Amino acid sequence: MNPSSIEHVAMPGIAPKIVENVYLPKVAVLDRVVDEIDEVKTFYWHFEDNEAQSAFKRFRPGQFAQVSLFGVGEFPTSLPPSPTEENTFFTVRQVGSCTQALHKLKPGDKFAVRGPYGNGFPMEDYRGKNLVFIAGGIGLIPLRSAIVYALANREHYERIQIFHGAKTPKELMYVSKLLNWERTPGVDCHITVDRAAEGWTGDVGVVGSLFKKPGVKVAVENAVAFVCGPPVMFRFVIQDLLAMGFKERNIVSTLERYMKCGVGKCGHCCIGVAYVCVDGPVFTYEQIKQLGEDI
Amino acid sequence: MKARLLSRGDVLKVVDLLRRRGYEVIAPFRGRGRDTFFDPVTDQNRDRIQIHLPNPYYPPKRFVFPPIERLLKVERSNGDLRIQSTYEERKRAIFGIRSCDVAGIYHLDRFYLGRDFPDIYYQNHRKNLFLVNVACTDPELDIGEECFCMCTDTGPAARDHFDLQLFDLHGMGAQSVKDGDDFLAVAGTPLGETLFADPIFRKGSPEHVAQRSAILDGVRKSFRPGTTSWFSAAIQAVSRGEIPEETWDEVGNRCLECGGCTYVCPACTCFTVTDRLAEGNAVERLRIWDSCALSGFTRMAGGFNPRRAVHDRRNRRFFRKLAHYFIERELSMACVGCGRCAAVCHGDIGMPSVVEMIRRHVTARSNEA
């Protein structure tokens, strides 16, 4: 959040540098759609233009993209894939007019994407640390990227712990991925649901209850906690983490805000001293507190 | 910077010069009553251009950042999408822009072009824009009740960011009327200086420059002595988070949420983006001025609004404009002292009044301590 270097200085009468159009999205093709949970689907897509595809693939975990459904509008969405993966996809809950329009698309349909935007998680800075991922519900979508990235670069990180909670077993995100992580050696993956359903033999309780489970020891020293989830879950998990001895600067999350441009111009996502789109969406809890707005 | 003299009778010839160079010239005019406005100059209205007048209510911001602007045109056929950027480039000059509005345009330059992701639409409007600033030297006509450029350090005579500045040497405090029928023209850019090749410009003398200073001294004393002199202290208090919550409550209680302050502000930058259906199944993407005063400004899909209360939103506006962090970020301040927000606000919470409220509350609190 430091005032970044001033690169383009405009002076009256002197034409500034010609620049590219940051608002111009590129055409994308929908490949396939996978149902995740109720109202949440994963959309696999690729850019029509190969160069655009390889340029986009340089994104970092925690960044986001702007998706255009022409005639309806444009919306920001996090990037659940890791750049180490082959495919590009979004996982989107149907909540407003744009996301509804996306949900109606069929494979082969075209829309448009621009990005990636935002700071992303500083995964390089976290090398040599323990990583603790805590996700409530669809909060796993933005964390998925960092988890897959960390596992693909396993040698750079110490312990990797994943805690995921959902309301019901039917609402667990990325179920096949989760089951994989549970079986992956060197990954400490715990899953819980608020309300069990028939056939559920796993844990029951809020995600924070997993921290006190017998046999679970959350890494606190030399650790970074990634927390994403609904506001209530966020507040309680933060309390738990602070009580365990986590420093505020070692807890990171990604914020979501109404955004129109994604490039620090439209003003909608500006909170405190930060434009969420360019200074975020990843902030430490220490920064989030200073921004002074509800999560 | 080079300076020249220009006879009063030749001032509008600057407009002619620019028009001959292919500029569409925008200039201030007077409507009925006290209404003033910027309009394109034609052969018919050229003689009615005003040199001294109350600054028009609508700032010239719209010539670089239109209220509605088309960004893209998208053609849809057989499932295919063809997306085109739609740029508007025009060679334009604004004649008679006030010093505060020059600072406003400079702020927009800093905001849209001075950081990562420079805005090409803004740049296209801006790159061929020629600014002829007229310094405010007539205390009756130029300086309004609400003007506080003295506090924002943007007037009454801009120091830079114009191509050409015209300064009326017949202003108040002029020592003699003998030389008083001239304007001092100052070039702010090499492009502005090229105008001096025209014979309407004559060599000046150091006395003319001294006269300019004397007039400015006089003009500075004619501003309404207001609480806006607390402006820099207010910046400090806002930046340090020392404003009591009740100040924002009071501001919020008086805000009618009309958004007027943001629409007349020469330094407000926010916009929303919307799609519009066009002919032949095409779609146009537009950007439209938006306002942080409006309740939907931060409302997300699904209805969650992190900034619900009015006072949160008002706090936001003044924080964004006054916090030192943002002044440093853009190397310019998002308030230029034009006073339009004060003139437009029904609840009397324009910038000067809010600075006064901050002063009252902060000093009351420090008296308690």
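Conventions used here
- Residues numbered from 1 in each chain as written.
- Chains lettered and ligands numbered in written order.
- Predicted model: local features only at pLDDT ≥ 70, side-chain atom pairs only at ≥ 80, totals over all residues.
- Axes fitted to C-alpha atoms, helices over the stretch in contact; angles between N-to-C directions.
- Helix = DSSP H or I, 4+ residues; strand = E, 2+ residues; numbered from the N terminus.
- Parallel < 35°, antiparallel > 145°, perpendicular 65-115°, else oblique.
- Left-handed = near helix turned anticlockwise from the far one by under 90°.
- Contact = placed C-beta atoms within 7 Å.
- Nonpolar A, V, L, I, M, F, W, Y, C, P; charged D, E, K, R; others polar.
- Buried ≥ 20, exposed ≤ 12 C-beta atoms within 10 Å, placed from the backbone.
- Pairing = 2+ DSSP bridges.
- Right-handed = clockwise from strand over helix to strand, strands pointing away.
- pLDDT = per-residue confidence, 0-100.
- Domains from an automatic or database assignment.

1. So, the packing of helix H7 (residues 231-239) of chain B against helix H10 (residues 310-322) of chain B
Each pair of packed helices gets described by two things: the angle between the helix axes and the distance between those axes.
Residue and element names in this part refer to chain B.
Item 1. Relative orientation of the contacting elements H7 and H10 amounts to 115°, with a least axis distance of 9 Å. As far as their axial angle goes, H10 and H7 are roughly perpendicular. Both H7 and H10 take part in a crossing whose hand is left-handed. Along the contact surface, H7 presents Ala234, Ile235 and Val238, while H10 presents Phe318, Phe319 and Leu322.
Item 2. The class makeup of the residues in the contact of H7 with H10 is six nonpolar, no polar and no charged.

2. Brief notes about the pairing of strand E8 (residues 160-166) of chain A
Residue and element names in this part refer to chain A.
Item 1. Most of E8 sits inside the fold, with seven of its seven residues counted as buried.
Item 2. Residues Ile160, Ile162, His164 and Ala166 point to one face of E8 and Gln161, Phe163 and Gly165 to the other, with burial holding for every one of them.
Item 3. Pairing between strand E7 (residues 130-136) and E8: six bridges, direction parallel. Counterpart to Gly136 in the pairing with E8 is Gly165.
Item 4. On the question of chirality, the crossover connecting E7 to the parallel E8 by way of helix H3 (residues 140-152) is right-handed.
Item 5. With seven bridges connecting them, E8 and strand E9 (residues 187-193) associate as parallel partners. Its bridge partner being in E9, Gly165 is matched across the sheet by Thr192.
Item 6. Chirality of the crossover, the property in question, places the unit of E8, helix H4 (residues 175-183) and E9 among those that are right-handed.

3. Details of the confidence of the model for chain B
All names here are of chain B.
Item 1. Confidence along chain B averages 90 in pLDDT terms, with 95% of residues attaining 70 or more.
Item 2. In this model residues 173-177 is a low-confidence stretch, pLDDT under 50, and it forms 10 contacts with partners more than four residues away in sequence or in other chains.
Item 3. For this predicted complex, the interface confidence score (ipTM) comes to 0.90, while the overall pTM stands at 0.92.

4. A closer look at the domain arrangement of chain B
Residue and element names in this part refer to chain B.
Item 1. Under the domain assignment, chain B is made up of domain 1 (3-65 + 87-224) and domain 2 (228-266 + 299-368).
Item 2. Placing the centre of domain 1 and that of domain 2 at their C-alpha centroids yields a distance of 29 Å.
Item 3. On the domain 2 side, the residues contacting the 23 residues of domain 1 number 20 residues.
Item 4. At the level of secondary structure, the elements contributing two or more residues to the side of domain 1 that touches domain 2 comprise helix H2 (99-113) and helix H4 (149-152).
Item 5. A per-element tally of the side of domain 1 that touches domain 2 places H2 first, with eight residues.
Item 6. Its residues assigned to classes, the side of domain 1 that touches domain 2 comprises 11 nonpolar, eight polar and four charged.

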